[in-house]
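What the coordinates show
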Amino acid sequence: MSWVGSRVKRVEDPALLKGEGRFVDDIHLPGMLLAAVVRSPFAHARIAGIDASAALAIPGVHAVVTHADLPEAFRQPLPLLVPNPAIRYPVMQHVLAKDAVHFVGEAIALVLADDRYIAEDGVDLVVVDYEPLPAASDFRKAAAAGAPAAHAGRADNIAAEFAVGYGEADQAFARAAHIFKEELFQHRGAAHPMECRAMLAHQDTLTGTLTIWANTQAPHQLRDVYCRMTGAADDRVRVIAPNTGGGFGSKVQTYPEHIATAAAALLTKLPVKYIEDRREHFLSTHQERDQLWTVEIAVDGDGKVLGVRGSLMHDSGAYLPWGVITPFISATTMPGPYVIPAYRMKVTCVFTNKVATTPVRGAGRPQAAFAMERLMDRVARELGLDPAEVRRRNYVPADRMPYAVGLTFRDGSPVVYDSGDYPACQQLALDRAGYDGFRAEQASVRAEGRYLGIGIGSYIEGTGLGPFEGATVQVTPGGQILARVGSSDQGQGHRTMFAQIVADRLGVGPDKVTVTVGDSGGVAYGIGTFASRVAVNAGSSAHVAAGKVREKAIKIASHLLEAAEEDLDLGDGRVFVKGVPAVGKTLGEIAAFANGMPGFSMPAGITVGLEDTSYFTPQRSTYANGCHVAVVEVDVETGGVKILRYVTAHDCGTIINTMMVEGQVAGGVVHGIGNALFEWMRYDDDGQPLTVNFGEYLLPLATETPCIEQAHMQTPTPLNPLGVKGAGEGGTIPAAAAIAGAIDDALRPFGVKITQVPVTPEYLLDLIHKKS
Amino acid sequence: MKPPAFSYHRPHTVAETLELLATLEDAKLLAGGQSLMPMMNFRYVMPANVIDINRIADLAGIEERGDALAIGAMTRQRDLELSPVVQRCCPLLHEALLNVGHVQTRNRGTIGGSLAHLDPAAELPAVLHAHDATLHLRGRRGDRAVAMAEWSQGFMTPNLAPDELLAAITIPLWPTGHGYGFAEFTRRHGDFAMAGTAALLALDAQGKVERVALAVTGVDTGPVRLSDAEAMLLGKAPEDALIAAAAETAAISVPGLDDVHGSKEYRRKLAAVMTKRALLAARARARSEEAAHG
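Residues numbered from 1 in each chain as written. Chains lettered and ligands numbered in written order. Predicted model: local features only at pLDDT ≥ 70, side-chain atom pairs only at ≥ 80, totals over all residues. Heavy atoms only, no water.

**Structural notes on empty space enclosed by the protein**
- This structure, assessed with the given rule, holds 8 cavities of 30 Å³ or more.
- As for the largest cavity, its lining consists of 16 residues, and the residues nearest its centre are A:Leu78, A:Met92, A:Thr254, A:His286 and A:Pro321.
- Across the lining of the largest cavity, the residue classes tally to 11 nonpolar, 5 polar and no charged.
- Taken together, A:Phe678, A:Trp680, A:Arg682, A:Thr691, A:Glu696, A:Tyr697, A:Leu698, A:Thr760, B:Arg187, B:Val260 and B:His261 make up the full set of residues lining the second largest cavity.
- Looking at side-chain class alone, the lining of the second largest cavity contains 5 nonpolar, 3 polar and 3 charged residues. (1 Å grid on protein atoms, 1.4 Å probe; cavity = no way out; pocket = protein on both sides within 12 Å on 5 of 7 lines; lining within 4 Å. Points joined across faces, edges and corners; volume = space filled by probe spheres on them. Nonpolar A, V, L, I, M, F, W, Y, C, P; charged D, E, K, R; others polar.)

**Remarks on the confidence of the model for chain B**
- For chain B, per-residue confidence averages 96 on the pLDDT scale, and 99% of positions sit at 70 or higher.
- The ipTM for the predicted assembly is 0.96, set against a pTM of 0.97. (pLDDT = per-residue confidence, 0-100.)

**Remarks on the packing of helix H10 (residues 365-383) of chain A against helix H18 (residues 735-746) of chain A**
All names here are of chain A.
- At their nearest, the axes of H10 and H18 sit 8 Å apart, and the two run at 30° to each other. Classified by the angle their axes make, H10 and H18 are roughly parallel. For the element pair H10 and H18, the recorded crossing hand is right-handed. Contacts from Ala-369, Phe-370, Glu-373, Arg-374, Asp-377 and Arg-381 of H10 reach H18 at Ala-736, Ala-737, Ala-740, Gly-741 and Asp-744.
- Residues belonging to the contact of H10 with H18 are distributed by class as follows: 5 nonpolar, 1 polar and 5 charged. (Axes fitted to C-alpha atoms, helices over the stretch in contact; angles between N-to-C directions. Helix = DSSP H or I, 4+ residues; strand = E, 2+ residues; numbered from the N terminus. Parallel < 35°, antiparallel > 145°, perpendicular 65-115°, else oblique. Left-handed = near helix turned anticlockwise from the far one by under 90°. Contact = heavy atoms within 4.5 Å.)

**Some thoughts on the sheet that holds strand S19 (residues 469-475) of chain A**
All names here are of chain A.
- A sheet is described by the order of its strands in space; here 4 strands give the open sequence S21-S20-S19-S25, paired in mixed fashion. Edge positions in the sheet fall to strand S21 (513-517) and strand S25 (611-616), since each has one partner strand and no second. Strand-to-strand twist of the sheet, defined as the mean angle between neighbouring strand axes without regard to direction, takes the value 15°.
- Two strands pair when backbone bridges link them, and S19 and S25 are joined in this way by 6 bridges, in the antiparallel orientation. (Pairing = 2+ DSSP bridges.)

**A few points about the nonpolar core**
Residue and element names in this part refer to chain A.
- Of all hydrophobic cores here, the largest spans 178 residues; its most connected members are Ile-743 and Leu-764.
- If you tally residues by element for this core, the top one is H18, at 9 residues.
- Lining this core are residues from two domains, each supplying at least three of them: domain 1 (13-133 + 194-246 + 251-284) and domain 2 (290-465 + 619-771).
- Those residues in contact with Leu-764, other than ones at most four positions away along the chain, are Val-634, Gly-639, Val-641, Ile-743, Leu-747, Val-752, Ile-754 and Val-759. (Core = buried A, V, L, I, M, F, W, Y, C linked by side-chain atoms within 4.5 Å. Buried < 20%, exposed > 50% of the residue type's maximum accessible area, 1.4 Å probe, protein only. Domains from an automatic or database assignment.)

**A short note on the interface of chain B and chain A**
- Contacts between the two partners involve 24 residues from chain B and, on the opposite side, 32 residues from chain A.
- When chain B packs against chain A, the two sides together hide about 2400 Å² of surface, and 55% of this comes from carbon and sulfur.
- Considering only the surface of chain B that becomes buried against chain A, B:Arg187, B:Arg188 and B:Val260 emerge as the three largest contributors, covering 29% of it.
- Taken together, the links from chain B to chain A amount to 7 salt bridges.
- Taken together, the links from chain B to chain A amount to 15 residue pairs in polar contact (both at pLDDT 80 or more).
- Here the side of chain B that touches chain A takes 7 residues from helix H11 (residues 264-293) of chain B, the largest share from any one element.
- Residues of the side of chain B that touches chain A, tallied by class, amount to 11 nonpolar, 5 polar and 8 charged. (Buried area = accessible area lost by both parts, 1.4 Å probe. Salt bridge = Lys/Arg side-chain N within 4 Å of Asp/Glu carboxyl O. Polar contact = N/O pair within 3.5 Å; in protein donor to acceptor, adjacent residues only side chain to side chain.)

**Comments concerning the sheet that holds strand S22 (residues 568-571) of chain A**
All names here are of chain A.
- Pairing within the open sheet is antiparallel, and its 3 strands lie in the order S22-S23-S24. Strands with a single pairing partner mark the edges of an open sheet, and in this sheet they are S22 and strand S24 (580-586). Going across the sheet, the axis of each strand differs from the next one's by a mean of 35°, ignoring polarity.
- Pairing geometry for strand S23 (residues 574-577) and S24, over 4 bridges, is antiparallel. Counted as the bridge partner of Arg-574 is Thr-586 from S24.
- Of the strands in this sheet, S22, S23 and S24 touch helix H15 (residues 534-561), which is tilted by about 125° from S22.

**Thoughts on the pairing of strand S3 (residues 49-52) of chain B**
Residue and element names in this part refer to chain B.
- By the alternation rule, side chains of S3 split into Asn-49 and Ile-51 and Val-50 and Asp-52, which are all buried.
- Here 3 bridges tie strand S1 (residues 7-9) to S3, and the two strands are oriented parallel to one another. Following the sheet pairing, Tyr-8 is matched in S3 by Val-50.
- Note: strand S2 (residues 27-30) against S3, 4 bridges, orientation parallel. Paired with Lys-28 across the bridge in S3 is Val-50.

**Some words on the packing of aromatic side chains**
All names here are of chain A.
- In the structure shown here, the tally under the stated rule is 20 aromatic pairs over all chains.
- Pairing Tyr-403 with Tyr-417 gives two aromatic rings, centres 5.9 Å apart and planes at 35°, and the pair type is tilted. On the criterion of sequence distance, the pair formed by Tyr-403 in strand S16 (residues 403-408) and Tyr-417 in strand S17 (residues 414-417) is long-range, its members being 14 residues apart.
- Note on Tyr-403: relative accessible area 7%, which makes it buried.
- Assessed through its relative accessible area of 0%, Tyr-417 is described here as buried.
- Taken together, the ring pairs in this structure connect Tyr-403, Tyr-417, Tyr-422 and Tyr-623 into an aromatic cluster.
- Positioned above the aromatic ring of Tyr-89 is the side chain of Arg-154, whose terminal nitrogen or guanidinium carbon lies 4.5 Å from the ring centre.
- Directly above the ring of Phe-173 sits Arg-309, whose terminal nitrogen or CZ lies 3.9 Å from the centroid. (Phe/Tyr/Trp six-rings, centres within 6.5 Å; stacked < 30°, edge-to-face > 60°. Lys NZ or Arg CZ within 6 Å of the ring centre and 35° of its normal.)

The structure is reproduced here in structure tokens:
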């Protein structure tokens, strides 16, 4: 049997369920100081001076670290890791604010104390002399000429401009039977993992090695940024990501606080821990926030798309830590699962005095799906067609795979949909949802004064972005099978997944494979956990490395057993002679041989150690796809929306563990529900955040979440040996589109058309009243 | 989100508590802690002294006393919700409690804590206002009884002096078989109400409104009685049109509140809708009782 594809229980769960997980905050080192951060209360201000004397006078406060107190190497902005020629001003945040602050929550100083309580007392007593400056808040206003500059001295707030596209869009529009235009305001909130950011830095005085425990999605990147800034050698810095309570994109970036905490540990020669609290998370952990889409679609008389064009404005926030990646993904995802003969999208990124935006689960794709699906619904409405039918007429047919869209993706490679059957996937979702029978139900409850509606959201997702991820598989003389993978796990169950993959190759159960993830000391190079890329990249690496170990085990056994390799097989942790299972060697015995005997030469052709390290490098992204169907009920007296049913059909290629994929999809949908109905990070005109706790910023609760009914398709990709595509973000991507479509459908008697997410009840009631 | 240092006191008797309240500067009572502790963690409130009254045995309890229900201030919301006595003789309170936070918060949260905290969107103050409840305060300077109508003195400001303790609440009961309804609109289940209405209704033998009480929450600094709507209904047959018209007065007789979840105009609309729904529920229950006994 194969472990890949089995519903293997997660190896992570027993410890987590018993409270035996080890998160950063569970690590206590002798002499450790706790940090609290002095953060800007202004969206934009000059810093005229800082007086820490009152804070330093508090018993238990050891130090206050400001920009001026940092060692020279730390007195610089963080590097821009993903440059792009479209960026006009590559402005990056300093480790600690130098002489100005550009968003509420920007880190100015670290107070180091015996405990966090005292540290916070100290924060309250650090006196910062601010000279407030006008702030750029709403990105639509900030983009206009004469708006207050987000960064003093800049002529405007345009951070970057670029266009993507192919074909002759204007010609397509010139000959179209119909042209429909929409202006869509889209807000995506923050990631809000259960565990906020956490880090602990300690320089070992004996070895000089700096160890940073951080709940990062990219331990190697954190190490590399630190080394790049400080000139430290890679092997003197080790980043370990222990158990982590969710990330959803927010923990990919190397943050100023990471570097500041490390600097504080060097300055004090003591371990320094910083645990972000939720209020700080609202202020200073990256979000996605606002996009404004002005888009047009050209169709023929049958609703076949001739072209799409428009412009997209993106709120970048005050800095560009991840360049223009998010809007770039948005713009290149817009064509979605459809044949769009011509496409052009102009993108403008706008600086505002708000925390930076970087990808959150879906990474700009939910907005693209929302824009495209809103247009599809508009076409259906205007031409009197069923929304499912309009999509069906425009899907890329299965026989055109692989399908080159004509765009270049963020990794510089062409956007090519490698595999999948989009019409079949839609049909699966429709069947599961009982789409054809819905109209009768809708009519019957409408007679009771209830408004039910059904909506569809289709999507594609470029997953498994390169360049690589590494895995080492090793068998010890004691017979233990170890797998070390560089990428870190935030609760997805990566260790289970790798164990399944390795187990298949080595003929053992997954319980026999011990997996370590998220340690820069375990694998030399690494990229990180994002872009639904770990199964594709690291999974393939584990598969390849375990395969090499298997080959080597057979080769050594062939030497030891004096049998031809083709006469040997591997199973149950042993290599044995086919048909004579009693004659064989255990993997441990083979490893012991491979580890050599003192003074004895290795036999010819046999290299040292029963292990292999592999870095799988995908040629380009592999495209997952799916279709969601939502059924909602709208309370037309309050504007309240209740999701009655939610059905997903998706294709992430080979499924490694169905339970974990289902968990990913369900969790993704819940993020999408938040996006569609609840989550909204609001700011006033001065850039002051208005939603800084979970009473103000609403996440969906279990009571707002229906059972997520899931159907799976498996079209393996040819782009990696496992045939896998990413599964982590697809649940989120079409959710807001499907829910908006369902709301429109429910409110057809009122002629309501949703052009904004989240759909708040007040917004919806206004639409109902305006139309009725 | 850690509070600054404070002194913690844990009295075991009411007398001890009153002594502490009278002598300590800047003291806060800790009941269920579901609001106070987060507020202290946020440093929104930074009391020098916290007096934990969770160990005072005689502050909790539910007792039917003739035509009133006496409830100790430290009675947990969850205990009230599960109380057969409350379900039988004060079903409006039971129904409203299902909307108060979540099971986990109701396990700790107390009725007295909710009243003393007086969040403008809390459910319990509206229920008690509809019921014309009386709040019993203890203090070294003397005990007081405050009518619920006099309880709110402004935004999160109860009629409670710094040296006083809210000890108990008495709720005058409505006749057996009265109609009741609680309707609220929240963004999510368990959130504070954007608007919510508690309705009590008694019909006479002809099916006309003999007695009615309507209180709205979430639309002013404290719970609001809808006296105009009550007057419109009294003595009349509560037909749909009359209920709708009475409910509409809610939209003009409350000021509304503005926040990130909605404007005051929106909340006023919701107040009318929730009043209508609470009244419809109350009418259905009153009529079904009538049918059962008539």
